[in-house]
Amino acid sequence: MKLLNRSALSVKPTQAFVDWVNSLEPTVGDDDLTLDDIRGENTVYLIPEMDTPEALNAYVAERYVDILDSELRAWEEDERQWPETLDWALFNAFLVVEHSYLAVDLDDEAAIEVSEVDDALLMETDEE
C-alpha cells in the first residue's frame, strides 16, 4: 500500500442531476434513468491534503465550477444543453460531496500514471 499525499472528494449525483440527464433525451416510462441506475457513477477527485473543515470548504468553493463542469461534460458535451447558470446553488442541487482525509493506493504493482484530462481521453474511455 502507498499513502498518497492527497485528500479526496467523492462526488455523487443527486435526483436533480438525474432529472437533468433524463431531460436531455426524453423517454417514455421505464426508460428514464433513476438515481439507483447511476449510483455507482461517482467521481473521485484527488485534492491537496486538507486538515480542517474550513480549508476543505474554501477549496471546494474555489473549485466547484471545475467539478460541476466535469460532471456535466461526462453526460453531455454540448454546453448549450447545460443549465444556464453554473453557480453554487446548482452545484449543491446536483451533487453531493464526501471528503476523505487520506488517499491510499492498494495496488502494490502498478505505478501511478498521470494524464491531463481532455475530451479525447474521455472519448477513448467511452469507446472501450
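Residues numbered from 1 in each chain as written. Predicted model: local features only at pLDDT ≥ 70, side-chain atom pairs only at ≥ 80, totals over all residues. Heavy atoms only, no water.

Observations regarding the side chain of Ser 7
At step 1: For Ser 7, the position within the fold is in strand β2 (residues 7–13).
At step 2: Using a relative accessible area of 0% as the deciding quantity, one classes Ser 7 as buried.
At step 3: There is a polar contact of 3.0 Å between the side chain of Ser 7 and the backbone nitrogen of Met 50.
At step 4: In terms of polar contacts, Ser 7 uses its side chain to reach the backbone carbonyl oxygen of Tyr 101, at 3.0 Å.
At step 5: In contact with Ser 7, not counting residues within four places along its chain, are Tyr 45, Leu 46, Ile 47, Pro 48, Glu 49, Met 50, His 99, Ser 100 and Tyr 101. (Helix = DSSP H or I, 4+ residues; strand = E, 2+ residues; numbered from the N terminus. Buried < 20%, exposed > 50% of the residue type's maximum accessible area, 1.4 Å probe, protein only. Polar contact = N/O pair within 3.5 Å; in protein donor to acceptor, adjacent residues only side chain to side chain. Contact = heavy atoms within 4.5 Å.)

Topic: the packing of aromatic side chains
At step 1: Counting across every chain of the model gives six aromatic pairs.
At step 2: Seen from their ring centres, Phe 17 and Trp 20 are 5.5 Å apart, and the 55° between their planes marks the pair as tilted. Of the two residues, Phe 17 and Trp 20 both sit in helix α1 (residues 15–24), three residues apart, roughly one turn of that helix. Here Phe 17 matches Trp 20 in class, with each residue buried.
At step 3: When the centroid spacing of 6.1 Å and the interplanar angle of 40° are considered together, the rings of Trp 20 and Phe 94 count as tilted. Taken as a pair, Trp 20 in helix α1 and Phe 94 in helix α3 (residues 88–94) lie far apart in primary sequence, 74 residues in all.
At step 4: Given a relative accessible area of 7%, Phe 94 falls into the buried group.
At step 5: Chaining the aromatic ring pairs together yields one cluster made of Phe 17, Trp 20 and Phe 94. (Phe/Tyr/Trp six-rings, centres within 6.5 Å; stacked < 30°, edge-to-face > 60°.)

Some remarks on the sheet that holds strand β4 (residues 95–100)
At step 1: The three strands are arranged β3-β2-β4 in an open sheet whose pairing can be described as antiparallel. Only two strands of the sheet have a single neighbouring strand rather than two, namely β3 (43–47) and β4. The average angle at which neighbouring strand axes cross in this sheet is 25°, direction not considered.
At step 2: Two elements, β2 and β3, share five bridges in a ladder whose sense is antiparallel. Bridge pairing links Ser 10 to Val 44 in β3.
At step 3: The strands touched by helix α2 (residues 53–75) within the sheet are β2, β3 and β4, with β3 carrying the most contacts at an inclination of about 135°. (Pairing = 2+ DSSP bridges. Axes fitted to C-alpha atoms, helices over the stretch in contact; angles between N-to-C directions.)

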